Amino acid sequence: MRPWLSTARGALPFVVLVAAWAAVSGAGVMPAMFLPGPGDVARTGWEMAKDGSLWVNIGASLGRVLLGVVISVPMAVAAGIVVGLNRRLASVLEPVASFFNALSGIAWLPLAITWFGLGWASVTFILWNTIFFLVFFNTLVGVRTVPRIFEQAVRTLGGARRHVILQVLLPGAMPSIVTGLRMSIGFGWRALIAAEMIATTTGLGFLIFNAQNFHQTDAILAGIITIGILWLLTDRLVLQPLERWTIERWGLVSSS
Amino acid sequence: MSRRETAVTWVVLLAAFLAAWSLASATLPVPPYFLPPPTAVAAAFVDLVAKGILPVYVMESLGRILLAAAVALVIAVPLGLLLGMSRGVADFMYPILNFFQSVSGIAWLPLMLVWFGFGEKTILIAVNYTVIFPVLFNALLGVRSVPRIYVNALRTLGGSRWRIVRDVMIPGALPNIATGMRLGLAYGWRALIAAEMLVGANGLGFMIFSAQSFHLTARIMLGMAVIGALWLLLDYFVLRPVEAATIARWGLVQR
Amino acid sequence: MTAKIAVRGLHHEYVNPFTRERVTALDGVDLEVPEGEFLSVVGPSGCGKSTLLGILAGLIQATRGEVLLDGRPVVGPGPDRGVVFQEFAILPWRTVERNIAHGLEIQGVPKAERATTVKRFVELVGLKGFERKYPHELSGGMKQRVAVARTLAANPQVMLMDEPFAAVDAQTRITLQEELNAIVQATRKTILFVTHNVEEAVFLGDRCCVLSRHPGRVKALVPVSIPRAQRTWKLFTSDHAFDATKERVLKLVREEVSGGEQV
């Protein structure tokens, strides 16, 4: 199907949604302050874009995500492989990793604030731990489920430990790792927004929570829409291609 | 590896962990409230249980998440199945549901605060929203993913529309529904904690957040442990058995 | 006497979703199947035999032409025309016995009667002892046996089988064919059996309908004169008459295949 046609088709539901929104807000069912129309929200969004406040906050949020990913992922993958290599350690640490997984995210915030105070350090810590534990757990599971026969094959070809790691375990665990990455950014993004509401003065979470203080519902809605768009873009432009590029290319898993 | 070996390794690791923690707590050059020793956390546990405070907080949080689970089952699953049955409707709703699913209930919290103020309603709306959308979305996907051939087989047996829904659509969509529930509740539990921190007057999220302002770090750690443990219990004793009873029994693969 | 199945001037076109071209699947098919006959339908790939079956089943609406069952036009799928599909279409979340019972459930047959009927068909297809198993625990051949049992148990007027043994291994296939033969003798149903395997078509059919290559038309109708009670694979490989019929059908099909080949 021609690309512009399919984009138009994808946009249609949103066009209808926005139209419905305009109808509801225009009907005056609720006071204008409670539900501003799409026009007002767009205007406010545009102003925030013009005066730079939108970009500053987007930058802060995205920057934290990026920082979190860059710090956590290599650590988590390395740790997952190291632990995964040792059967005994792996079987013991797996439930531990599972527990920390269950705990990850916003529940760490009070502790983080105790240790790092309010500000970007606490927020980044939340992101770090969400991404780290999930990717670590997934790497661990991924490494453990690589069929032993591949390892044996490389060994019989004269491969040393590093060959096994780089040529068998890492690629073999890739589907799990990438899934973990995708999920962790999903969880992490949500934890980030919540953490920014509580613990800091920049970022999209802060933007919408602060706007609530002044009952600026148009700014809130502009912020929410920005959050949604950013996440969809991240998923569509970064995460899905990553999944395609690794997993599907190697024919390991069929895409849903 | 034998059970005894596992148990021994566990004990050794746990002991080492606790020892390292206690040591760090005693020797690190930080204020005492930074890193209370494990004994302080245990003491806080005993204290809060004896006073009946912890059980109340647990019940409050659990109650909210279980309510959201019930709402998702009763409303989101049937709605998702219904929307999924028509190809046109499903294709139309897909991007919208995807969008709303990816915006956590917490992001809507500021708007809810303007509408309903700092109260129970706001928390419940945020949490229910967070749980409902993944369930709705996945139920819709589940229906669409049922192989057409099963539907055709029922049609050639004379099955009515309702029969097809009952005997093919619902069981066929079950793996996706289970995934949706798991994901929805995972997001929801976290959104709940966040909402309780932001809005709260009660619940585990409020407990650990307010403990921070009084530097009751042992209480924070206790609360965190309870939060993690509760989720694991929920996952292990409720969600996984449901998955096992249906999907594993039918040999269906879930993606 | 009205034929059980009558197809007149059947014509079917559709639009290929990928290339946007109009494709003619069937171009004027005329056929009559008397009651109790087992008609094999063979032809080269793409000749439209599965389309023909789909139209008879009521799952596809033909663009032109008539399809009559007992003189009445076919409108949509229904229990009067049972279908055994090529891919495994038994429900993974039902046990063997619940799958076989499905048609009876739909028809509102009371529980006790259902149980007896299911038992009969479980034994007929040789799945005794497997009643409580789920499809994923069965082999391909067993799954198709369940599918056949399910269709038969619903007591259709006519059975439509779309390459039902294509997805099974060769050995199982032979066994299934012989079993089907026994079932046919026992039940005397009118059956339309689509296959691309000429030997299978001749082994099973009272007549073989050879379709021409795309777009499909009836090229020839070849009777198979060996009495069904005598048909075994052993006979098939040794008997002269059997062999001659097979060769004849094979030649007809080959003509269609090579006619389409690009030199």
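Residues numbered from 1 in each chain as written. Chains lettered and ligands numbered in written order. Predicted model: local features only at pLDDT ≥ 70, side-chain atom pairs only at ≥ 80, totals over all residues.

I'm lost on the overall build of chain A in this one. Help?
The helix and strand inventory of chain A stands at 10 helices and zero strands. Listed by position from the N terminus, the elements making up chain A come as α-α-α-α-α-α-α-α-α-α. The C-alpha extent of chain A, read off along each of the three principal axes, is 75 × 55 × 30 Å. Looking at chain A as a whole, 41% of its 256 residues qualify as buried. (Helix = DSSP H or I, 4+ residues; strand = E, 2+ residues; numbered from the N terminus. Buried ≥ 20, exposed ≤ 12 C-beta atoms within 10 Å, placed from the backbone.)

It is not clear to me how the arrangement of the chains should be interpreted in this structure. Could you clarify?
Among two pairs of chains with at least one contact, chains A and B form the most extensive contact set. Looking at chain A next to chain C, you find no contact at all, with the nearest C-alpha pair sitting 9 Å apart. (Contact = placed C-beta atoms within 7 Å.)

Help me understand the domain arrangement of chain C, please; the structure alone is not making it clear to me.
One widely used convention gives an interface's size as the accessible area the parts lose upon coming together. All names here are of chain C. What the domain assignment reports for chain C is domain 1 (1–80 + 158–168 + 189–263) and domain 2 (87–155). On a C-alpha basis, the centroid separation for the pair domain 1 and domain 2 is 26 Å. If you look at the interface, domain 1 gives six residues, while domain 2 gives nine residues. Grouping the amino acids of the side of domain 1 that touches domain 2 by side-chain chemistry returns six nonpolar, no polar and no charged. (Domains from an automatic or database assignment. Nonpolar A, V, L, I, M, F, W, Y, C, P; charged D, E, K, R; others polar.)

Teacher, can you tell me more about unusual backbone geometry here?
Even without glycine at this site, A:H215 takes up a positive phi of about 55°. Checked against the element boundaries, A:H215 lands in the loop between α9 (204–213) and α10 (217–248). Phi is positive for C:R20, which is not a glycine, with a value near 65°. Within the fold, C:R20 resides in the loop between β1 (5–15) and β2 (22–33). By C-beta crowding, C:R20 is classed as exposed, having 7 other C-beta atoms within 10 Å.

What exactly am I supposed to notice about the confidence of the model for chain C here?
In regions of low pLDDT, the predicted coordinates are not meant to be interpreted in detail. Per-chain confidence: chain C averages 89 in pLDDT, with 98% of residues scoring 70 or above. Reported confidence for the predicted complex is 0.87 by ipTM and 0.83 by pTM. (pLDDT = per-residue confidence, 0-100.)

I tried to follow the interface of chain C and chain B on my own but got confused; where do I start?
On the side of chain B, 17 residues touch chain C, which itself brings 21 residues to the contact. Of all the secondary-structure elements, those providing two or more residues to the side of chain C that touches chain B are β6 (81–84) and α3 (102–107) of chain C. Ranked by residue count, the leading element in the side of chain C that touches chain B is α3(C), at four residues. Of the residues contributing to the side of chain C that touches chain B, the split by class is 13 nonpolar, six polar and two charged.

Teacher, can you tell me more about the interface of chain A and chain B here?
Each partner contributes to the interface: chain A provides 43 residues, whereas chain B provides 43 residues. Taken together, the elements giving at least two residues each to the side of chain A that touches chain B come down to α1 (3–26), α4 (87–103), α5 (109–116), α8 (161–199), α9 and α10 of chain A. Of the residues contributing to the side of chain A that touches chain B, the split by class is 30 nonpolar, 10 polar and three charged.

Whenever I open this one, the sheet that holds β1(C) confuses me. Can you help?
Strand pairing in a sheet takes place through backbone hydrogen bonds and is either antiparallel or parallel in direction. Residues and elements named next belong to chain C. As summarised here, the arrangement of the four strands in space is β2-β1-β4-β5, forming an open sheet in which the pairing is antiparallel. What marks the edges here is a single partner per strand, and that holds for β2 and β5 (72–73). The pairing of strand β4 (residues 64–69) with β5 spans two bridges and is classified as antiparallel. Its bridge partner lying in β5, L68 is registered against P73. (Pairing = 2+ DSSP bridges.)

Looking at this structure, I do not really get the pairing of strand β9 (residues 207–211) of chain C. What am I missing?
Side-chain positions along a regular strand alternate between the two faces of the sheet. Residues and elements named next belong to chain C. Where burial is concerned, most of β9 is hidden: four out of the five residues are buried. The pairing of strand β3 (residues 38–42) with β9 spans four bridges and is classified as parallel. Across the sheet, residue V41 finds its bridge partner in β9, namely C209. Pairing of β9 with strand β10 (residues 218–223) involves five bridges; the strand directions are antiparallel. When the sheet's bridge partners are listed, L211 is paired in β10 with V218. Connecting the antiparallel pair β9 and β10 is a turn made up of six residues.

How should I be thinking about the sheet that holds strand β7 (residues 158–162) of chain C in this particular structure?
Residues and elements named next belong to chain C. Here we have six strands laid out as an open sheet, ordered β6-β7-β8-β3-β9-β10, and mixed in their pairing. Each edge of the open sheet carries a strand with a single partner, namely β6 and β10. Averaged over all pairs of adjacent strands, the angle between strand axes in this sheet comes to 20°, irrespective of strand direction. Of the strand pairs in this sheet, β6 and β7 are connected by four bridges, and their pairing is parallel. Note on β7: the bridge partner recorded for V84 is M161. In the packing of helix α5 (residues 140–153) onto the sheet, contacts are made with β6 and β7, and the angle to β6 comes to roughly 175°. (Axes fitted to C-alpha atoms, helices over the stretch in contact; angles between N-to-C directions.)

Teacher, can you tell me more about the confidence of the model for chain A here?
Scored by pLDDT, chain A comes out at a mean of 86, with 95% of its residues at no less than 70. Least confident of the elements in chain A is helix α7 (residues 148–156) of chain A, whose mean pLDDT is 78; most confident is α5(A), at 93.

Please explain the packing of helix α2 (residues 38–50) of chain B against helix α10 (residues 217–250) of chain B as it appears in this structure.
When two helices pack together, their arrangement is given by the angle between the helix axes and the distance between those axes. Residues and elements named next belong to chain B. Put simply, α2 and α10 touch, their axes get as near as 8 Å, and they point 75° apart. Taken together, α2 and α10 sit at an angle that is classed as roughly perpendicular. Residues A40, V41, A44 and F45 of α2 pack against A218, R219, M221 and L222 of α10. Residue composition of the contact of α2 with α10, by class: seven nonpolar, no polar and one charged. (Parallel < 35°, antiparallel > 145°, perpendicular 65-115°, else oblique.)

Can you walk me through the packing of helix α7 (residues 148–156) of chain B against helix α8 (residues 161–199) of chain B in this structure?
All names here are of chain B. Their axes nearest at 10 Å, the elements α7 and α8 cross at an angle of 160°. In terms of orientation, α7 lies roughly antiparallel with respect to α8. Between α7 and α8 lies a crossing whose hand is right-handed. Where α7 approaches α8, its residues Y150, V151 and L154 are matched on the opposing element by R163, I164, D167, V168 and G172. For the contact of α7 with α8, the class distribution of residues is five nonpolar, one polar and two charged. (Left-handed = near helix turned anticlockwise from the far one by under 90°.)

I keep staring at helix α6 (residues 170–187) of chain C and nothing clicks. Help me out?
Think of an α-helix as turning once every 3.6 residues; residues three or four places apart then point the same way. Residues and elements named next belong to chain C. With 18 residues, α6 should reach 26 Å at 1.5 Å per residue; the first-to-last C-alpha distance of 25 Å fits that figure. Among all positions in α6, only L176, Q177 and L180 are buried. Summarising the axial view, the buried residues of α6 lie within an arc of 105°, below the 170-degree limit, and thus occupy one face. With respect to the buried face of α6, the exposed residues turned more than 90 degrees away are Q171, Q185 and A186. With its phi angle positive at about 50°, R188 sits one or two positions after the end of α6. (Expected span 1.5 Å × (residues − 1). Arc of directions from axis to C-beta.)

What's the story with α9(A) in this structure? I'm lost.
Residue and element names in this part refer to chain A. Where burial is concerned, most of α9 is hidden: eight out of the 10 residues are buried. Along α9, the residues that are buried comprise L204, G205, F206, L207, I208, F209, A211 and Q212. One or two residues past the end of α9 sits H215, with phi positive at roughly 55°.

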